[in-house]
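# Breakdown of the fold
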Number of protein chains: 2
Amino acid sequence: MLLSKSCVYGLRAALYLAAKNDGEYHSLREMSEELNISFHFLTKILQQLTSDGLMESYKGPNGGVKLSEKGKKATLFDMVIAIDGPGLFTQCALGLPGCGSQEPCPLHESWIDTRASIENMLRRTTLIKIAEEGKAKHFRLTAEGKFSW
Amino acid sequence: MLLSKSCVYGLRAALYLAAKNDGEYHSLREMSEELNISFHFLTKILQQLTSDGLMESYKGPNGGVKLSEKGKKATLFDMVIAIDGPGLFTQCALGLPGCGSQEPCPLHESWIDTRASIENMLRRTTLIKIAEEGKAKHFRLTAEGKFSW
DNA sequence: TAATTTAAAGACATTAAACTCTTAAATAGA
DNA sequence: TCTATTTAAGAGTTTAATGTCTTTAAATTA
């Protein structure tokens, strides 16, 4: 798969928060139930995004997480970098270290174009914009269409 | 990563054979040494490609594997399908089962285009064509540039 | 026929990703 | 201050991918 499960879960949670975008903290329990993601696993992922500054968290009753200012400006690309790291956008398609225009592998030229188109797609818009569109068009964020923005 | 390691190893081995393309069987020992791939692991992968009809094998002295007629016509796409399966070309970017134009996720429209560009890149040419170009331009197939077509 | 070379098959081991559980720390409200 | 709620942190488990080893079967050569 293109993105790890951690990354996909992180994206879905971020889109959830972007759709709310009400300045409130939303609890991980609520999010894990709405999005059908394991509570503890989601916790791990969002901890990482919080320590990366894409989200802010608050403990105690009515605590939870919300998008930080940085998170509100973030694109899908920023999220993927935060969770999966930059490998997808830097590595050789054949996994050869040092592959580049100097010493290309047979796929190099084709791959850098394709890789760029993946990156462009992920950079195109912010989480907030995607969530707006999701709300307007009733896109879905779970297998069962459970979540209702 | 876009492709599994098994897939990358299989591709490199297939390009090796495509570069030879001499009708001879090449032993897995030779290939694993030239390409710096674990012998036993490579064996597993090529067994799969042989049972898929992309390669032909022959036991005994001077035995080994070579591209079948089907393999000579195969593209990178065919190889990826054989090893990693069709998931990359069919699945939702967010992993939502049943995501499609009927009930799209927020990334659906962007993703199907990107996905198609990956597929097109992999379908563009045959292994043989890529190997020809590799020979002509001295592209590399190993980390160290060991293999010399 | 016997010895050698090679792939096939399957068992086994290691590693990394995915997932779970428990305890600690912070906060709120009674 | 006490209790409940919530995230943080870290340890542990499971599963799938990756990698290794051994045995078997097929073919060649002598």
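Reading the values: the criteria
- Residues numbered from 1 in each chain as written.
- Chains lettered and ligands numbered in written order.
- Predicted model: local features only at pLDDT ≥ 70, side-chain atom pairs only at ≥ 80, totals over all residues.
- Heavy atoms only, no water.
- Near = heavy atom within 4 Å.
- Polar contact = N/O pair within 3.5 Å; in protein donor to acceptor, adjacent residues only side chain to side chain.
- Helix = DSSP H or I, 4+ residues; strand = E, 2+ residues; numbered from the N terminus.
- Pairing = 2+ DSSP bridges.
- Least-squares fit on C-alpha atoms with pLDDT ≥ 70 in both.
- Contact = heavy atoms within 4.5 Å.
- Nonpolar A, V, L, I, M, F, W, Y, C, P; charged D, E, K, R; others polar.
- Buried area = accessible area lost by both parts, 1.4 Å probe.
- Salt bridge = Lys/Arg side-chain N within 4 Å of Asp/Glu carboxyl O.

Our next topic: the protein's contact with DNA strand C. Near DNA strand C there are 25 residues, and of these Ser38(A), Tyr58(A), Pro61(A), Leu28(B) and Lys44(B) occur at the shortest range. When the atoms of DNA strand C within 4 Å of the protein are sorted by group, sugar and phosphate make up 61%. Measuring from a sugar or linking oxygen of DNA strand C, one finds a side-chain N or O atom of Tyr58(A) at 2.8 Å. Among the secondary structure elements, those contributing two or more residues to the surface near DNA strand C are α1 (5-20) and α3 (39-51) of chain A together with α3 (39-51) and β1 (55-58) of chain B.

Residues and elements named next belong to chain B. Direction of pairing for β1 relative to strand β2 (residues 64-67): antiparallel, over a ladder of four bridges. Bridging across to β2, Met55 finds its partner in Leu67. Hairpin connection of β1 to β2: five residues between the antiparallel strands, including Gly60 at a positive phi of 90°.

Once that is clear, we can look at the relation of the copies chain A and chain B. Between the two chain copies there is a screw-like relation: a rotation about an axis and a shift along it. Aligned on chain B, chain A shows an RMSD of 0.0 Å; the corresponding rotation is 180° and the shift along the axis is 0.0 Å. In symmetry terms, the pair is related by a two-fold rotation axis. Rotation axis and chain A: the residue whose C-alpha lies nearest the axis is Leu2(A), separated from it by 2.6 Å. A share of 100% of interface residues in chain A that are also interface residues in chain B marks the association as one of identical surfaces.

This paragraph deals with the protein's contact with DNA strand D. Not every one of the 25 residues close to DNA strand D is listed here, only the nearest: Leu28(A), Lys44(A), Ser57(A), Phe41(B) and Tyr58(B). Backbone atoms, meaning sugar and phosphate, form 62% of the atoms of DNA strand D found within 4 Å of the protein. Between DNA strand D and Lys44(A), the relevant distance is 2.5 Å, taken from a base nitrogen to a side-chain nitrogen or oxygen of the residue. Take Lys59(B): an N or O atom from its side chain is 3.5 Å from a sugar or linking oxygen of DNA strand D. For the surface near DNA strand D, the secondary structure elements donating two or more residues are α3 and β1 (55-58) of chain A together with α1 (5-20) and α3 of chain B. Each residue belonging to the surface near DNA strand D can be placed in one class, and the counts come to seven nonpolar, 13 polar and five charged.

A few words on the interface of chain A and chain B. Each side of the interface is counted separately: chain A has 35 residues, and chain B has 35 residues. Considering only the surface of chain A that becomes buried against chain B, Met1(A), Pro106(A) and Arg140(A) emerge as the three largest contributors, covering 23% of it. Inspection of the region where chain A meets chain B yields zero salt bridges. Counting every contact that joins chain A to chain B gives nine residue pairs in polar contact (both at pLDDT 80 or more). Looking at the side of chain A that touches chain B, the elements that each hand over two or more residues are α1 and α7 (108-123) of chain A. Counting residues per element, the side of chain A that touches chain B draws most heavily on α7(A), at six residues. Of the residues belonging to the side of chain A that touches chain B, the class tally is 25 nonpolar, six polar and four charged.

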